[in-house]
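# Inside the fold
Spelled out from the first residue to the last, the chains are:
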Amino acid sequence: MAARRGERDPPDARQNRLQAERARKERRWQLLFTQYTVNPIHPVHMVSRKPMSWHENIQEPIDDEFLKLLHRAAVVPREKYSEPQTESQEIGWHTKPLVPFDRNDTRFYFPRQTTEITINGYPAPRGQKPKDQEESPR
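All figures in this text were calculated on a predicted structure; none of them were measured in a lab. (Residues numbered from 1 in each chain as written. Predicted model: local features only at pLDDT ≥ 70, side-chain atom pairs only at ≥ 80, totals over all residues. Heavy atoms only, no water.)

### As for the overall build of the protein
Counting its regular elements, the protein contains five helices and zero strands. Listing the helices and strands of the protein from first to last along the sequence gives α-α-α-α-α. Classification of the 138 residues of the protein by burial places 4% in the buried group. Of all intrachain contacts in the protein linking residues separated by at least 6 positions in sequence, the fraction that spans at least 24 positions is 10%. A total of about 15,000 Å² of accessible surface is found on the protein, and carbon and sulfur atoms cover 54% of it. (Helix = DSSP H or I, 4+ residues; strand = E, 2+ residues; numbered from the N terminus. Buried < 20%, exposed > 50% of the residue type's maximum accessible area, 1.4 Å probe, protein only. Contact = heavy atoms within 4.5 Å. Areas by Shrake-Rupley, 256 points an atom, 1.4 Å probe, with all protein chains shown as cover.)

What follows is the structure in C-alpha cells.
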C-alpha cells in the first residue's frame, strides 16, 4: 500500500525496507566456501591424547600434502624465495658484506676503548689513580 502525498510509511515498514536492501547488498558479495585448510601462519596447539580412549588411539595415515604445507610455512623467507617479496624484506635480505672484514682497517673497525670515564663513570682527579687501580692495604 503506497503512502499518500505528505504521509510517511510507518517506522516498521521503513525499517523493513532498509534491512531488505542491506540483505540484498550483502548477498551480492557473499562467497560459499566448501574447502577448508589449516592456516599455516598460526601454530597448531596439540592437545595430549586420552590414554584410555579407543577412538583417539587409532593410527591414521599421514597426509603428505599437509605435512609439506606445514614445513613450507616454517621455512624462513630467504630460503623460500630467491628475491624479497615486500619492501620491508629488502632490508637485511643481502647480509653478505660487500668488503671483507679486516681488523687492521680503521675505516670499518671501531673497537671499544676503555677509559677512566667508561670504567668509573667519572674521571679521576689529577695525581690520583682511579679507585679500581688503587693498591689495597693488606
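### Comments concerning the pattern of salt bridges
This model, assessed by the stated rule, comprises three salt bridges. In this structure, Glu21 engages Lys25 in a salt bridge whose closest nitrogen and oxygen atoms are separated by 3.4 Å. Taken together, the positions of Glu21 and Lys25, both in helix 1 (residues 11–29) and four residues apart, correspond to about one turn of that helix. Judged by relative accessible area, which is 33%, Glu21 ranks as partly exposed. With a closest N to O distance of 2.9 Å, Arg107 and Asp105 form a salt bridge. In this structure Arg107 comes out as exposed when scored by relative accessible area, which is 58%. Residue classification places Asp105 among the buried positions, given a relative accessible area of 17%. (Salt bridge = Lys/Arg side-chain N within 4 Å of Asp/Glu carboxyl O.)

### Things to note about the packing of aromatic side chains
Tallying each qualifying case throughout the model produces one aromatic pair. Taken together, a centroid distance of 5.9 Å and an interplanar angle of 80° make the contact between Phe101 and Tyr109 edge-to-face. Since its relative accessible area comes to 24%, Tyr109 is described here as partly exposed. (Phe/Tyr/Trp six-rings, centres within 6.5 Å; stacked < 30°, edge-to-face > 60°.)

### Considerations on a nonpolar patch on the surface
On the surface, a cluster of nonpolar side chains totalling about 440 Å² of accessible area is made up of Leu31, Phe33 and Tyr36. When you line up the elements, Tyr36 lands in the loop between helix 1 and helix 2 (64–74). (Patch = residues over 30% accessible without salt bridge, like charges linked within 9 Å, V, L, I, M, F, W, Y side chains within 5 Å.)

### Concerning the environment of His71
Within the element layout of this structure, His71 appears in helix 2. Considered as a pair, His71 and Pro40 are 31 residues apart in the sequence and their alpha carbons are 9.0 Å apart.

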